[in-house]
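Given next are the chains, with one letter for each unit.
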Amino acid sequence: MKTIIVNGTVVDTEPRPHVVPDAAVVVEDGVIVSVGPRPDDPAKGTEIIDARGGIVLPGFVDTHRHVWQSVLRGIAADATLGAYLDLVLGTLTPAFRAEDVYAANLWGAIEALDAGVTTVYDWSHIQLTPGHTDAAVEALRESGVRAVFGYAHRGTGDADRAEDEVRRVRSALLPSDDGLVTPALAAWGPVYGSVEAARADWALARDLGLRISLHATGAGPVERLHDAGLLGPDVLFVHCNGIPDESLKLVAGSGGTASVAPAVESQMGHGHPETGRLRSSGIATGLGVDTVTDVPGDMFSVMRTAFAAGRAGQAAPELTTSDVLGMATIEGAAAIGMDHRIGSLRPGKQADIVILDAGAPGLAPVHDPVAAVVTAAGTAAVDTVLVGGRIVKRGGRLVSVDVDRARDLAVRAARHVTTQARTTSAR
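Below you will find a few notes about this structure.

### Quick notes on the overall build of the chain
- Across its full length, the chain holds 14 helices and 19 strands.
- The globule rule puts the C-alpha radius of gyration for 427 residues at 22 Å, and the 21 Å found for the chain is close to it.
- Along the longest, intermediate and shortest principal axes, the C-alpha atoms of the chain span 65 × 50 × 40 Å.
- Going through the 427 residues of the chain one by one, you find that 57% of them count as buried.
- Surface exposure of the chain reaches about 16100 Å², of which carbon and sulfur atoms provide 51%.
- Of the charged side chains in the chain, 37 are positive and 51 negative; the average position of the first set lies 3 Å away from that of the second.

### Structural notes on helix H4 (residues 163-173)
- Of all the residues in H4, the buried ones are Glu165, Val166, Val169, Arg170 and Leu173. All buried residues of H4 lie within an arc of 140° about the axis, which places them on one face of the element. Exposed side chains of H4 directed beyond 90 degrees from the buried face belong to Asp164, Ser171 and Ala172.
- For H4, the elements touching its buried residues are helix H3 (130-143), strand E10 (146-151), strand E11 (181-187) and helix H5 (195-208).

### Things to note about the environment of Ala263
- By secondary structure assignment, the location of Ala263 is in helix H8 (residues 262-268).
- In this structure, the C-alpha to C-alpha distance between Ala263 and Asp62, residues 201 residues apart in sequence, is 13 Å.
- In this structure Ala263 touches Val295 and Thr305, once residues within four positions along its chain are discounted.

### Observations concerning the sheet that holds strand E6 (residues 47-50)
- What the 4 strands build is an open sheet, ordered E5-E4-E1-E6; its pairing is mixed. With one partner strand each, in any of the chains shown, strand E5 (31-36) and E6 form the two edges of the open sheet. Within the sheet, the average angular offset between the axes of one strand and its neighbour, ignoring direction, is 20°.
- As paired strands, strand E1 (residues 2-6) and strand E4 (residues 24-28) are joined by 4 bridges and run antiparallel to one another. Bridged to Ile5 within E4 is Val25.

### Digging into the pairing of E5
- Pairing geometry for E4 and E5, over 5 bridges, is antiparallel. What sits directly across from Val25, in E5, is Val35.
- Hairpin geometry of E4 and E5 is characterised by an intervening segment of 2 residues between the two adjacent antiparallel strands and by a positive phi of about 50° at Asp29.

### Some points on unusual backbone geometry
- Cis rather than trans, the peptide bond between Glu14 and Pro15 has omega equal to 5°.
- Within the fold, Pro15 resides in the loop between strand E2 (9-12) and strand E3 (18-20).
- Cis geometry is adopted by the peptide bond preceding Pro190, which originates at Gly189 and carries an omega value of 0°.
- Its location among the elements puts Pro190 in the loop between E11 and H5.
- Its identity is not glycine, yet Asp29 carries a phi of approximately 50°, on the positive side.
- For Asp29, the location among the structural elements is in the loop between E4 and E5.
- The phi torsion at Asp290 lies on the positive side, around 80°, for a residue other than glycine.
- If you trace the backbone, Asp290 turns up in the loop between strand E15 (285-287) and helix H10 (299-311).

### Quick notes on the pattern of salt bridges
- Evaluation of the coordinates by the stated rule reveals 28 salt bridges.
- In this structure, Lys2 engages Glu28 in a salt bridge whose closest nitrogen and oxygen atoms are separated by 3.9 Å. Here Lys2 is found in strand E1, whereas its partner Glu28 is found in strand E4, with 26 residues between them in sequence.
- Judged by its relative accessible area of 35%, Glu28 falls in the partly exposed class.
- A network of salt bridges, in which partner residues are shared, links Arg16, Arg279, Asp323 and Glu331.

### Looking at the packing of H4 against H5
- Close contact between H4 and H5 brings their axes to 11 Å; oriented N to C, the two are set at 20°. Judged on the interaxial angle alone, H5 and H4 are roughly parallel. Along this stretch, H4 crosses H5, giving a crossing that reads as right-handed. Along the contact surface, H4 presents Glu163, Val166, Arg167 and Arg170, while H5 presents Ala200, Leu204, Asp207 and Leu208.

### A word on the packing of aromatic side chains
- Taken as a whole, this structure holds 4 aromatic pairs when the rule is applied.
- For the ring pair Trp123 and Trp188, a centre distance of 5.5 Å and an interplane angle of 80° mean the geometry is edge-to-face. In this pair, Trp123 sits in strand E9 (residues 117-124) while Trp188 sits in the loop between E11 and H5, placing the two residues 65 residues apart along the sequence. Trp188 shares its class with Trp123; the two are buried.
- For the pair Trp188 and Tyr192, a centre-to-centre distance of 5.9 Å together with 85° between the ring planes defines the contact as edge-to-face.
- The partly exposed category is assigned to Tyr192, whose relative accessible area is 36%.
- Connected via pairs of aromatic rings, a cluster forms that spans Trp123, Trp188 and Tyr192.

Reading guide: rules and limits
Residue positions are given per chain, counting from 1 as you read along its sequence in written order. In keeping with the predicted nature of the model, local features appear solely for residues at pLDDT of at least 70, side-chain atom pairs appear and are counted solely at 80 or more, and the whole-chain, interface and lining totals rest on all residues. Excluded from the side-chain calculations are hydrogens and water; all other atoms, namely the structure's heavy atoms, are used. Secondary structure follows DSSP: runs of H or I at least 4 residues long count as helices, runs of E at least 2 residues long count as strands, and numbering of each begins at the N terminus. Between the two quantities, the radius of gyration covers C-alpha atoms and the globule rule is 2.2 Å times the number of residues to the power 0.38. The classification of residues rests on relative accessible area computed with a 1.4 Å probe and restricted to protein chains. Under 20% of the type maximum is buried, over 50% is exposed, and intermediate values are partly exposed. Accessibility throughout is a Shrake-Rupley quantity obtained with a 1.4 Å probe, and a residue counts as covered only by protein chains that appear here. We score Asp and Glu as negative and Lys and Arg as positive, and we do not count His or the chain ends. Charge placement uses NZ in Lys and CZ in Arg. For Asp and Glu, CG and CD serve respectively. The arc in question is formed by the directions pointing from the helix axis toward the C-beta atoms. When checking whether two residues touch, look at their non-hydrogen atoms; a contact exists if any pair is within 4.5 Å. One requirement defines pairing of two strands: DSSP has to find at least two bridges between them. Fitted lines through C-alpha atoms serve as axes, helices being fitted only where they are in contact, and the angles separating the N-to-C directions of these axes extend from 0 to 180 degrees. For salt bridges, the criterion is a side-chain nitrogen of Lys or Arg within 4 Å of an Asp or Glu carboxyl oxygen. Any angle that falls under 35 degrees is termed roughly parallel, while one over 145 is termed roughly antiparallel, one within 65 to 115 roughly perpendicular, and all others oblique. Take the far helix as the reference: if the near one is turned anticlockwise from it by less than a right angle, the crossing is left-handed, and if turned clockwise, right-handed. In this scheme Phe, Tyr and Trp rings, the latter by its six-membered ring, pair at centre separations within 6.5 Å, and the angle between planes marks the pair as stacked below 30 degrees, edge-to-face above 60, and tilted otherwise.

And the structure:
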């Protein structure tokens, strides 16, 4: 199957975001084969997508999101981090049934695709039973999104570790690293768990060929991993607010990467988003939504927050719109170890592509396409989305899933979870 995208303003992101003049994007069997002159005589059966008046760019890469929290949208908008942990993880999480996780992951993945997020790292700490895990993975697959499923043990205590379940996920659910949904390990330690548990988790992940992600802020976590000999290029550090300069040097020296969730970090009080310090230290840094319990679930909002926060209080701001778009695409792909497959329009990569309607209100007229994507575009401008060459959104409408059914399931799950949590709390 061949698809050719023509007449659009093509923005590639490798090595840096830039406009490719007079370019058509040719896709064959889900892979980008060329970005350049339009073929004179396309083969019979080739689908031509006319992107006239549009901006064509790689799909966004969300490097950190708790997808299962989609049914808790806005429930903790005024919460600090501590209040969020008490409410969401302490009170609401135990009320989730497996079917609620399925509904939440399906709805959260649909939300991502609708906004042009073609890849999402799902940091999934809702593994109450194997059935919950199966439901989460099933929903991601059904949605059509490209996802990294980060398995987190059901709790932070050492006794909550379930190595057999991690092995089952790797061998039975997600045995391949080439599929649309691939596995990783979302680790609690050594921040919310012990160093001993971290040692065991790192050994398990590396034995199974899984990359590792952990939340880490302030002084201590990086040093503990360093002292334990656990740092490496397979470790993704999330947030990193207030992390000391020496810690940054250790992460950079190990080849580790980072994910910043600037909207959540600003709103919940984590601290100033550290995109500037991370990137100036040579650490590949992506962007993430984190949780829609208190912020929007689109990359446009995240990019704008990152751009504003990265320039706030600087007499001569260095962060540019090009930097921010890079973090949302190719640098984010590098942060999760997938820049060889996604994140740009380089031939040979998966055809994860977004077409924005550049004539949309609030976006037109476009003078600088890169700046327009970062500062002016929104979900309403997302006209067409392809994942692995498959069209999942066309003409502003999702076409690969039953949105009405997914919405109904999400609403039912939200009602059950909140009602059950209130009932339990009242006892």
